[in-house]
Each structure stands twice: as C-alpha cells, then as structure tokens.
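# Survey of secondary and tertiary structure
Residue strings, one per chain:
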Amino acid sequence: MTLDEALRQKLAPCGTLQGLQHLDARTWLGVKAIFCAKRFKSYVSCGVDLSALQRLGERHEVFPRAEWSAVFRLPLVRHSSWHCEIAKCVGDDSGASNAEEAELDPTQSTSGFEVDELLLLAMPQVIPGWASPMAWFIQCRLHFAEALTTEGVAALAHYLQERQRTLRSSRPVIEVGAGDGRLAFMLNKTGLVEHGVVASDIDPAHAFGFPIEKMGWREAINFYRPKLVLCAWMTCGEDWTQGFQDAAVAEYVLIGDVAAGYSLARAHPPYLRTVLTQVSSELLCISDFNSKPVASMGSAVQGSCCAVAFRRSFTVSHSRKTYTFSRREQRDGVGL
C-alpha cells in the first residue's frame, strides 16, 4: 500500500465519498499534515536553497516579497482587486471541486481522487492555497495563514500613522487577538506609528518573546480606550465588531481572508467600510498560492486576503437632506 492509498483509507475507511461526511477535524488535520509534509519534502529536494529557507523562518525579522519569490520560485502577484468587492467569493483555484457545488455520488470510490481533493471535499471551507509547499512552510514556521513581509508591514504602519494623525490620537493603537504579538512588534520596529501599537490577547503565546498584554479584546479596549483598533485574523467563528462599535472606537481595521469569513465582506453600519488597497496589495497569505506548485498563478489578479477599515460616521441634516461624513470630514467642515 502506498502512502497516498493509506491516507485515502484514513479519510474514508469505507472506500467511498460517503465516509468523508463523518470525518472529524483531528483526523483531517493529521492527514493534511502528512500529505503537506510529503509534498514539501519533495519540493525542497528539487534544489531549494536551504539556508535562504531557514532565513525566511526567522520570526524576529521580516523579508521582502522578492526573497519569498526567489526561494520558492513562484511569481507573487500584487492583487489589484479582492473578492470582498464582489457579491460572491470565488473558491479555491486548485481545480478541486467544492463539495457544496459539485454533484457527487456518495457511493463513488475514493480511488479516483487525489488526497488533496478528498481533503477539500471533506472541508470545503478551508482557506484556498492550504496545500502548497510555501503555505505549509508558513503554517509550520510563522502563522496559520499569513507571512509578514517588509512591504506589508511598512504599508500598514504608514496607514496607521496617517490615521493616528487624522484622528489626533494621543493613545496607542491596540491590536486585539494578537496571538504572539509579532505583528505589533514589527509595526513598532518601523518607528512610524505614533504612540506605538500595543498587542493584547486573552491567551498570548509568549514562546517567542514579543511584548504582549494578557487581555481579552473587551478588557484591552476598556483599559486603553483607543481611537484605533487593529485585529488581524480574528478568532474563527467569532465576531467582535459589535463590541468595537459599542466601545465607540473611531476606527477599527480588520485583516483576514474573505473566503473564510472574518467579517470583511459585509457592511458594519453605521461605520463606513473601506478596502485598504495599498495595504491589501502587499499582504502575502497562503490563499495567494495555488495548491500545486505551478507558475501559472501569475495571471491571477483577484485576491481574497485583504485589509478593511471601518470608520465611525456622523450624520447631520441640512435643508431636508441627510449627509454622512467620516470623522475627518466633520472636523474639516466638508459639505457644511
């Protein structure tokens, strides 16, 4: 029995697609780990520079997109539009069918499917690109979905700097759900964000030594009373944005993958929604990679991982008409 045959049997012991319906998450993750590790090992054996690969896994540094592209020999396109700008999110580009869209016979044998196709059929909501060697490296060494880059950190730092000045904030930016605090650390390292960025998490990962406050998102906002809140990759299945609004923060910025939710694609009235195109175009996420290591993805122009700002608006009435302004427009008297 080959490894792929063993993995197919683990996913569906009965040998048919019907077995995928009863697959538990732990088994799925175990099979995925073995499959991706095998693919990564095969990819690395094809001449990847191991010293350069080791360098990219350094958590206390960030590196340019060009280095990622060179090591993995992939064209890393900068997206100019995102799925959150259209009505329906596009699924995985790997060629595997989505279980909700494809009409499959549950009695069909699993032998005609690749392991990655079966994994996707079992969990169609998984972030696209999950099976590529580059994505596997990022998930093992850095983050479950994103690799910070020099350009991405700089673009976000410049944006936060501009908004802190516009909001005339004398308080730090608060990052909630910050995990290990690496993003805030890198943003502070640029020296651009006025009053800095404070990382907070209810269960922080201290293993890597980044400064982080042990606080839940609500506690952090109540303690620091920030005007600007940052939340990258909010806990899956949760939505904290109503709490941000209840706390009357002037603005909150969300980063995540639209295909996996993260409250990015919908409006948050009365806050005004803005896709941060300059920041989003520099993000490097596993959804940017085809699940098979081919160079054809260079033609792709639409991404699903993006940064979106939600700014508190103010509504005034004048001569039977209603106008809505952002905080900056209100301050500068636009339209009044």
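Provided above is the structure to which this section pertains.
What this report covers is the structure whose coordinates are included nearby. (Residues numbered from 1 in each chain as written. Predicted model: local features only at pLDDT ≥ 70, side-chain atom pairs only at ≥ 80, totals over all residues. Heavy atoms only, no water.)

### Re the packing of aromatic side chains
Summed over all chains, the structure comprises 13 aromatic pairs. When the centroid spacing of 5.0 Å and the interplanar angle of 50° are considered together, the rings of Phe185 and Phe210 count as tilted. With a gap of 25 residues between them, Phe185 in helix H8 (residues 182-190) and Phe210 in the loop between strand S4 (197-201) and strand S5 (213-214) connect regions that are remote in the sequence. We classify Phe185 as partly exposed; its relative accessible area is 26%. (Phe/Tyr/Trp six-rings, centres within 6.5 Å; stacked < 30°, edge-to-face > 60°. Helix = DSSP H or I, 4+ residues; strand = E, 2+ residues; numbered from the N terminus. Buried < 20%, exposed > 50% of the residue type's maximum accessible area, 1.4 Å probe, protein only.)

### Things to note about the state of the cysteines
Taken as a whole, this structure holds one disulfide when the rule is applied. The disulfide partner of Cys285 is Cys305, and the S-S distance across this bridge is 2.2 Å. Pair noted here: Cys285 is in strand S9 (residues 284-285) and Cys305 is in strand S11 (residues 305-318), with a separation of 20 residues, a long-range link. On the basis of relative accessible area, Cys285 is assigned to the buried category, the value being 1%. (Disulfide = S-S within 2.5 Å.)

### Overview of the side chain of Ser280
Within the secondary structure, Ser280 is located in helix H11 (residues 277-280). Using a relative accessible area of 1% as the deciding quantity, one classes Ser280 as buried. Reaching out from Ser280, the side chain makes a polar contact with the backbone oxygen of Leu276 at a distance of 2.8 Å. Each residue touching Ser280, except ones within four places of it in the same chain, is listed here: Trp82, Val275, Cys305, Cys306 and Ala307. (Polar contact = N/O pair within 3.5 Å; in protein donor to acceptor, adjacent residues only side chain to side chain. Contact = heavy atoms within 4.5 Å.)

### Description of unusual backbone geometry
Among all residues except glycine, the phi angle is most often negative; among peptide bonds, the trans geometry is most common. Residue Pro269 is joined to Pro270 through a cis peptide bond whose omega torsion reads 5°. Tracing the backbone through its elements, the reader meets Pro270 in the loop between strand S7 (251-257) and strand S8 (271-275). Phi is positive for Arg73, which is not a glycine, with a value near 55°. Tracing the backbone shows Arg73 in the loop between helix H4 (65-72) and strand S1 (81-82). A relative accessible area of 43% places Arg73 in the partly exposed class. Backbone geometry at Ala248 places phi at a positive 60°, although glycine is not the residue there.

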